[in-house]
Amino acid sequence: GGYAMDGELSRLRLRNNELESENKLTKDELHRTRQLLDHDREASLRYVQEIDSLQRKYAQQIMELQGMLNQTEQARAELEQQVQSGRQREEDFHIAFSKAKEQSDVRERQFGEAKRKHEQEKGALERAVLQE
């Protein structure tokens, strides 16, 4: 009986040692898995932070470019306004010039007309004087 009991005890001790070393392996594996998960989580977090930082940088650049575009648009509008204003002044000048030329032509015709009349009257007067 005692012999069988010793054999059973040895077998149980052996089984206990096997289970303890399996338990240690499982714990080590669990520890490694946790480390890997932590590492993955940190990597993901860093990746998310990098993307976030890039998005902020791009948003900033887009705002700056939009500002430059707005300034360019404004400058273009101002130039168009100046060109329009210049064209208007040019047109006004042409109108004024045309009016002045027209007035000058009218005066020239009136002067020519008056001179011709004067010449006629002078001629008529001279003939009248000669006939007397």
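That block above? That's the structure.
Predicted model only: the values in this text are computed from it and were never measured. (Residues numbered from 1 in each chain as written. Predicted model: local features only at pLDDT ≥ 70, side-chain atom pairs only at ≥ 80, totals over all residues. Heavy atoms only, no water.)

Colleague: Account for the overall build of the protein, with residues named and values stated.
Modeller: Within the protein, the regular secondary structure consists of one helix and zero strands. For 132 residues, the compact-globule formula gives about 14 Å, and the C-alpha radius of gyration of the protein, at 56 Å, lies well above that figure. Along the first, second and third principal axes, the C-alpha set of the protein runs to 190 × 15 × 10 Å. When the 23 positive and 27 negative side-chain charges of the protein are each reduced to one mean point, those points stand 2 Å apart. (Helix = DSSP H or I, 4+ residues; strand = E, 2+ residues; numbered from the N terminus. Rg over C-alpha atoms; globule rule 2.2 N^0.38 Å. Lys, Arg positive; Asp, Glu negative; His and termini not counted. Charge placed at Lys NZ, Arg CZ, Asp CG, Glu CD.)

Colleague: How would you explain the packing of aromatic side chains if you had to name every residue and give the values?
Modeller: In the structure shown here, the tally under the stated rule is one aromatic pair. Ring centres of F93 and F97 lie 6.3 Å apart, and the angle between their planes is 20°; on these two criteria the pair is classed as stacked. Of this pair, F93 and F97 both sit in helix α1 (residues 2-131), four residues apart, which is roughly one turn of the helix. F93 gets classed as exposed once you look at its relative accessible area, which sits at 55%. (Phe/Tyr/Trp six-rings, centres within 6.5 Å; stacked < 30°, edge-to-face > 60°. Buried < 20%, exposed > 50% of the residue type's maximum accessible area, 1.4 Å probe, protein only.)

Colleague: Can you explain the pattern of salt bridges? Please cite residues and give values.
Modeller: Evaluation of the coordinates by the stated rule reveals nine salt bridges. The residue R76 makes a salt bridge to E73 at a minimum N-O spacing of 3.1 Å. Of the two residues, R76 and E73 both sit in helix α1, three residues apart, roughly one turn of that helix. On the basis of relative accessibility, which here comes to 43%, the residue R76 falls in the partly exposed class. Exposure remark for E73: the relative accessible area of 40% places this residue in the partly exposed category. In this structure, E113 and R116 form a salt bridge, with 2.5 Å as the shortest nitrogen-oxygen distance. Of the two residues, E113 and R116 are both situated in helix α1; the distance of three residues between them amounts to about one turn of the helix. (Salt bridge = Lys/Arg side-chain N within 4 Å of Asp/Glu carboxyl O.)

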